[in-house]
Amino acid sequence: MTLAIAILAVEILASIVAADLDCSPEPLPFCKPYILSITVDNTLRLFIDGIESANLPNANDWTKADTVSLPCHTRVIAVLATDDGALRAGILASTEDGFVKTDDTWKCTSVYQRRWETVDFDDSSWPSARAIAVHRTFTCPWMWIEGIRKGAYWIWTDNFVRDITGDRVVYCRKRLALHADWREFNRRLPPCPTRSLSITVDNYMILYLDGVEQRDLPNANVWTKADTVPLPWNTRVIAVKGTDDRHARAGMLASTGDGYILTNSSWKCTNLYYAGWETVTYDDSAWPAAYVSGIHETYSCPWKIVPNIRLDAYWIWTNKYESSAGGDVVVYCRLKIDKDSPEF
């Protein structure tokens, strides 16, 4: 490491000690970000670790590159590219030092798949990008793009030519190796612990952590038994789709062993479906607070004690939880986890 990096590392360690934390709570910004320059012939949308980059003034002008900061702990660059059908289509990008450059190590497809831009998406079945032409002084029909290194390639799918079979919209991804200095520094800190979340729904449950559906829940349809899943330390959103079979009351109940997560009125619940409702970036600010219908520690008719869930958790739903009174059959509930909490 350079002296500047070492000094910053010491400062970060000091702040962790001062906060009485014994692990790294998030990726540490001890290394300088890369500068990524990128253009698309013709229209660009760029995602860094699933987050769309805003303020790209040249997104519709392929003759000029847009430049964005690329954190050194970036895992996935994803590009949604659209061609207007003139001559050839292409994507061209590089960092200043060539650590990232467009070539056939990228993966591209013309088929949309849900969450394709996220870090955890599995692109192993995607085909390699087609490297059409190397970036140099002039590559017909393209000219030199200022800010992008020589040696980067214009890439697309195999169907990059202008005719009726050419792919007009493509999705491309590049998975990056972690910066060597970032790996070295993180080895000095123990990982933050993973909690376990125990949860049940009367009657049927679908559970998402940061937008990823949790599979293999043997008790998803058995409210008397909780399912228990690992809750990674960096989880930002727990989202649950609950379905009632109209017997007595509807409810969901959950907790972590230490009580950091408890179902209560800090959750938000609605009976309305919204696209992307389960994802981290979805804005639930307009959703109503969950309705608390009973505490777990006492017998709350019709429920009994559910093993592995803390007694100070509450049964929650929307305020229409009474099945006999036209209650909500399907609800969507979310909890945003405060990553800045000292207990996180």
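Cut-offs and rules
- Residues numbered from 1 in each chain as written.
- Predicted model: local features only at pLDDT ≥ 70, side-chain atom pairs only at ≥ 80, totals over all residues.
- Heavy atoms only, no water.
- Pairing = 2+ DSSP bridges.
- Helix = DSSP H or I, 4+ residues; strand = E, 2+ residues; numbered from the N terminus.
- Contact = heavy atoms within 4.5 Å.
- Core = buried A, V, L, I, M, F, W, Y, C linked by side-chain atoms within 4.5 Å.
- Buried < 20%, exposed > 50% of the residue type's maximum accessible area, 1.4 Å probe, protein only.
- Disulfide = S-S within 2.5 Å.
- Phe/Tyr/Trp six-rings, centres within 6.5 Å; stacked < 30°, edge-to-face > 60°.
- Lys NZ or Arg CZ within 6 Å of the ring centre and 35° of its normal.

*Asks:* For this particular structure, what's the right way to read the sheet that holds strand β12 (residues 169-175)?
*Replies:* To summarise the sheet geometry, strands pair through backbone hydrogen bonds and adopt either a parallel or an antiparallel arrangement. Strand order in the open sheet formed by 5 strands is β3-β2-β5-β12-β7, and the pairing between neighbours is antiparallel. The sheet is open, and its two edges are formed by β3 (51-52) and β7 (107-109), each paired on a single side. Relative to β12, β7 is paired through 3 bridges, and the arrangement is antiparallel. Bridging across to β12, C108 finds its partner in C172.

*Asks:* Mind showing me how you'd approach the environment of W277 here?
*Replies:* By secondary structure assignment, the location of W277 is in the loop between β19 (268-270) and β20 (291-295). Along the chain, W277 and C333 lie 56 residues apart, while their C-alpha atoms are 9.0 Å from each other. Filtering out sequence-adjacent residues up to four positions away, W277 remains in contact with Y208, A239, V240, K241, Y282, W287, Y332, C333 and R334.

*Asks:* So what exactly am I meant to see when it comes to the nonpolar core here?
*Replies:* The tendency in soluble globular proteins is for nonpolar side chains to be buried side by side. Core analysis: the largest hydrophobic core is formed by 38 residues, its most contacted members being L46, I77, V79, I91 and W156. Only β1 (34-41), β2 (43-48), β4 (66-70), β5 (76-82), β6 (90-95), β8 (130-134), β11 (153-156) and β12 provide two or more residues apiece to this core. Here this core gets 4 residues from one element, more than from any other, and that element is β1.

*Asks:* For this particular structure, what's the right way to read the state of the cysteines?
*Replies:* Under the counting rule described, the total for this entry stands at 2 disulfides. Between C108 and C172 runs a disulfide, and the two sulfur atoms are separated by 2.0 Å. Disulfide C108-C172: torsion about the S-S bond near 115°, hence right-handed. A residue pair is termed long-range when its members are at least 10 positions apart, and C108 in strand β7 and C172 in strand β12 qualify at 64 residues. Note that C269 is cross-linked by a disulfide to C333, the S-S spacing being 2.0 Å. Across the disulfide from C269 to C333, rotation about the S-S bond amounts to roughly 115°, and the bridge is consequently right-handed. Residue C269 is found in strand β19, and its partner C333 is found in strand β22 (residues 330-336); the two are separated by 64 residues along the sequence.

*Asks:* Looking at this structure, how should I read the packing of aromatic side chains?
*Replies:* Any two aromatic rings considered together are summarised by their centre-to-centre distance and by the angle between their planes. Within the structure shown, the criterion is met by 15 aromatic pairs. With 5.7 Å between their ring centres and 65° between their planes, F121 and W126 make a pair best called edge-to-face. Relative to W277, the ring of Y208 lies with its centre 5.5 Å away and its plane at 85°, an arrangement referred to as edge-to-face. Within this pair, whereas Y208 is found in strand β14 (residues 204-209), its partner W277 is found in the loop between β19 and β20, the two being separated by 69 residues in sequence. Taken together, the ring pairs in this structure connect F47, Y112, W116 and Y171 into an aromatic cluster. Here R195 stacks its cationic end above the ring of Y260, 4.2 Å away from the centre of that ring.

Remember, this is a structural readout, not a statement about activity or role.
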